[in-house]
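So you can see what is in the structure, the chains are spelled out below.
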Amino acid sequence: MDGQTERIRARVSDLLCWYDAHRRPLPFRDDPTPYRVWVSEIMLQQTRIEAVLPRYEKFMHTLPSVAALAAVPDEQLLKLWEGLGYYSRARHLKQAANQIMERHGGALPADYAALRALAGIGDYTAGAIASIAFGIAVPAVDGNVLRVLARLLCYEEDVLSPRPRRYLSEIAASLVPNDRPGAFNEAMMELGETVCLPNGAPRCAACPFAAVCAARANSKAEALPVRLPKTTRRVERRTVFTVVTASPRRVLLHKRADKGLLAGLWELPNVEGDGANWADTLGLTVLTHERLADATHLFSHIEWKMSGVRLTVKPSAVPEEYVWADAASLQTEYALPSAFRAYAAPLTVWLKGE
Ligand code: SF4
């Protein structure tokens with residue numbers, strides 16, 4: 001744990017005192033059974049608390065247990081969910097209720113991994129249920145917590161990217177106290193919702209972390225967290241050819257141009273579109289033609305949606321930017337970019353004659 005994380009950790013007791021004094025009275029906080037916490041957390045995803053409150057009690061009254069939720073007719077469930085939106089959450093709730101009946105005898109499991117394995121339960125929700133309902137010391141990192149942590153650490157990377165998100169989740173995990181993990185997670189979320197407000201409006205004077213907050217010390221609280229706009233990728237539909245000769249076992253590779261995407265690298269031949277006449281343009285004699293699975297690869301600004309085709313052809317001479325490779329040279333000389341991973345793995349096995 002570095003010095004700044006230590007300083008923050010030393011203030012966790014202040015955060016808990018602040019939370020005890022300022023927590024909003026919410027119905028699911030008064031009686032945090034695992035079932036009540038679970039339903040409330042699912043309802044609160046992407047939905048304002050004001051919209052949840054009137055529906056929550058009615059839901060709990062009508063479906064007071066996992067067994068009742070597992071057995072509810074779909075129509076009645078969707079009626080209870082009316083006004084909350086994102087109906088897939090309701091369907092996942094019922095699906096998970098059935099999983100709990102089958103796997104755990106009708107009681108939510110007191111185990112993070114087992115919770116995480118249920119339908120509709122991701123890292124955040126598993127952490128919230130485990131810590132709030134079962135007192136397990138794991139973090140529950142939502143957008144509020146990411147914002148608070150990014151500011152406390154004056155962390156200037158894009159918090160929506162996977163690696164920074166992982167990093168901040170690890171910091172959160174190192175801060176969770178063993179004695180009150182649920183209160184800590186709720187306090188961090190409450191702080192984000194009521195004090196460390198988004199869009200450049202934190203109320204630092206009311207914050208229990210004010211004395212140790214790095215963003216505040218550097219006058220950067222309003223500029224954090226960094227959220228880069230999602231890049232929109234241009235979609236290219238390409239046909240990727242696995243062209244082989246059966247005897248000897250070889251595959252045809254193509255060398256890309258020296259400039260641009262994957263510059264100068266060897267690849268499985270591929271063209272934009274369906275590539276209907278591609279083999280003819282190369283003078284290949286096709287013996288068999290087989291469709292392979294589709295695959296996708298994301299570059300920073302381009303998304304390849306690939307259709308795979310396997311052609312068995314007669315051995316023949318090919319233009320100089322092409323080469324026939326066997327299993328050994330594919331491994332040592334012509335490493336294929338990861339964009340072709342979906343097709344390269346079975347190909348390597350076949351080349352080796354396995
Ligand atoms: Fe957020 Fe301000 Fe508290 Fe820092 S001091 S965590 S910026 S409210």
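Predicted, not measured: the structure shown is a model, and the values here were computed from it. (Residues numbered from 1 in each chain as written. Predicted model: local features only at pLDDT ≥ 70, side-chain atom pairs only at ≥ 80, totals over all residues. Heavy atoms only, no water.)

### Observations concerning the packing of aromatic side chains
Right, so step 1: Overall, the coordinates contain eight aromatic pairs when judged by the stated rule.
Right, so step 2: Pairing Phe28 with Tyr56 gives two aromatic rings, centres 5.2 Å apart and planes at 85 degrees, and the pair type is edge-to-face. Of this pair, Phe28 sits in helix α3 (residues 27-30) while Tyr56 sits in helix α5 (residues 49-62), and the two are 28 residues apart along the sequence. Each member of the pair, Phe28 as well as Tyr56, is classed as buried.
Right, so step 3: When the ring of Trp304 is compared with that of Phe340, the centres are 5.8 Å apart and the planes differ by 65 degrees; the resulting orientation is edge-to-face. Taken as a pair, Trp304 in strand β6 (residues 302-313) and Phe340 in the loop between α16 (327-332) and α17 (341-351) lie far apart in primary sequence, 36 residues in all.
Right, so step 4: Residue Trp304 is classed as buried on the basis of its relative accessible area of 1%.
Right, so step 5: The exposure class assigned to Phe340 is buried, which follows from its relative accessible area of 0%.
Right, so step 6: Between the NZ or CZ atom of Arg310 and the centre of the ring of Trp350, over which it lies, the distance is 4.6 Å. (Phe/Tyr/Trp six-rings, centres within 6.5 Å; stacked < 30°, edge-to-face > 60°. Helix = DSSP H or I, 4+ residues; strand = E, 2+ residues; numbered from the N terminus. Buried < 20%, exposed > 50% of the residue type's maximum accessible area, 1.4 Å probe, protein only. Lys NZ or Arg CZ within 6 Å of the ring centre and 35° of its normal.)

### Describing the side chain of Thr5
Right, so step 1: Mapped onto the elements, Thr5 comes out in helix α1 (residues 3-9).
Right, so step 2: In this view, Thr5 contacts Leu153, Ile171, Ser174 and Leu175; residues no more than four positions away in its chain are not counted. (Contact = heavy atoms within 4.5 Å.)

### Description of the nonpolar core
Right, so step 1: Of all hydrophobic cores here, the largest spans 79 residues; its most connected members are Tyr35, Trp38, Phe59, Leu69 and Phe209.
Right, so step 2: With seven residues, the top contributor of residues to this core is helix α11 (residues 143-153).
Right, so step 3: Ignoring any residue separated from it by four or fewer positions in sequence, one finds Trp38 in contact with Leu69, Leu93, Ala96, Ala97, Ile100, Leu108, Ile121 and Ile129.
Right, so step 4: Judged by nonpolar contacts, the second largest core, of 25 residues, contains Leu253, Trp266, Ala295 and Met306. (Core = buried A, V, L, I, M, F, W, Y, C linked by side-chain atoms within 4.5 Å.)

### Quick look at the site of the ligand
Right, so step 1: Around the ligand, the neighbouring residues are Arg151, Leu152, Val195, Cys196, Pro202, Cys204, Cys207, Ala210, Cys213, Arg216 and Ala221.
Right, so step 2: Judged by its atoms lying within 2 Å of the grid points, the ligand is housed in the largest cavity.
Right, so step 3: Of the residues contributing to the shell around the ligand, the split by class is nine nonpolar, no polar and two charged. (Near = heavy atom within 4 Å. 1 Å grid on protein atoms, 1.4 Å probe; cavity = no way out; pocket = protein on both sides within 12 Å on 5 of 7 lines; lining within 4 Å. Sits in = over half its atoms within 2 Å of the grid points. Nonpolar A, V, L, I, M, F, W, Y, C, P; charged D, E, K, R; others polar.)

### A word on the packing of α11 against helix α13 (residues 181-194)
Right, so step 1: Interhelical geometry of α11 versus α13 gives an angle of 80 degrees and a closest axis separation of 8 Å. Classed by the angle they form, the pair α11 and α13 counts as roughly perpendicular. Contact residues: Asn144, Val145, Arg147, Val148 and Leu149 in α11; Met188, Met189, Leu191, Gly192 and Glu193 in α13.
Right, so step 2: Partitioning the contact of α11 with α13 into residue classes produces six nonpolar, two polar and two charged. (Axes fitted to C-alpha atoms, helices over the stretch in contact; angles between N-to-C directions. Parallel < 35°, antiparallel > 145°, perpendicular 65-115°, else oblique.)

### Some details on the side chain of Glu236
Right, so step 1: Mapped onto the secondary structure, Glu236 falls in strand β1 (residues 234-245).
Right, so step 2: At 2.7 Å, the side chain of Glu236 and the side chain of Arg234 are in polar contact.
Right, so step 3: Here Trp304 takes part through its side chain, which lies 3.2 Å from a polar atom of the side chain of Glu236.
Right, so step 4: The residues contacting Glu236, other than those within four sequence positions of it, are Glu272, Ile302, Glu303, Trp304 and Lys305. (Polar contact = N/O pair within 3.5 Å; in protein donor to acceptor, adjacent residues only side chain to side chain.)

### Notes on the layout of surface pockets
Where empty space is left in the structure can be found by rolling a water-sized probe over the atoms.
Right, so step 1: Approximately 1100 Å³ is the volume found for the largest pocket.
Right, so step 2: Around the largest pocket sit 40 residues that line it, and Tyr124, Val141, Asp142, Gly143 and Met189 are the ones nearest its centre.
Right, so step 3: Mapped by element, the contributors of at least two residues to the lining of the largest pocket are α3, α4 (34-44), α5, α10 (123-134), α11, α12 (162-175) and α13.
Right, so step 4: Grouping the constituent residues of the lining of the largest pocket by class yields 17 nonpolar, nine polar and 14 charged. (Points joined across faces, edges and corners; volume = space filled by probe spheres on them.)

### Considering unusual backbone geometry
Right, so step 1: Put simply, Leu224 and Pro225 share a cis peptide bond, and its omega is 0 degrees.
Right, so step 2: Structurally, the position occupied by Pro225 is in the loop between α14 (214-217) and β1.
Right, so step 3: In this structure, Pro248 follows Ser247 across a cis peptide bond, with omega equal to 0 degrees.
Right, so step 4: One non-glycine residue, Asn199, lies in the positive phi region at around 55 degrees.
Right, so step 5: Inspection of the secondary structure assignment puts Asn199 in the loop between α13 and α14.

### Thoughts on empty space enclosed by the protein
Right, so step 1: Inspection of the entire model under this criterion finds two cavities of 30 Å³ or more.
Right, so step 2: For the largest cavity, the calculated volume is near 100 Å³.
Right, so step 3: Along the wall of the largest cavity there are 13 residues; nearest its centre are Arg151, Cys196, Cys204, Cys207 and Cys213.
Right, so step 4: Considering each element in turn, the lining of the largest cavity owes the most residues, three residues, to α11.

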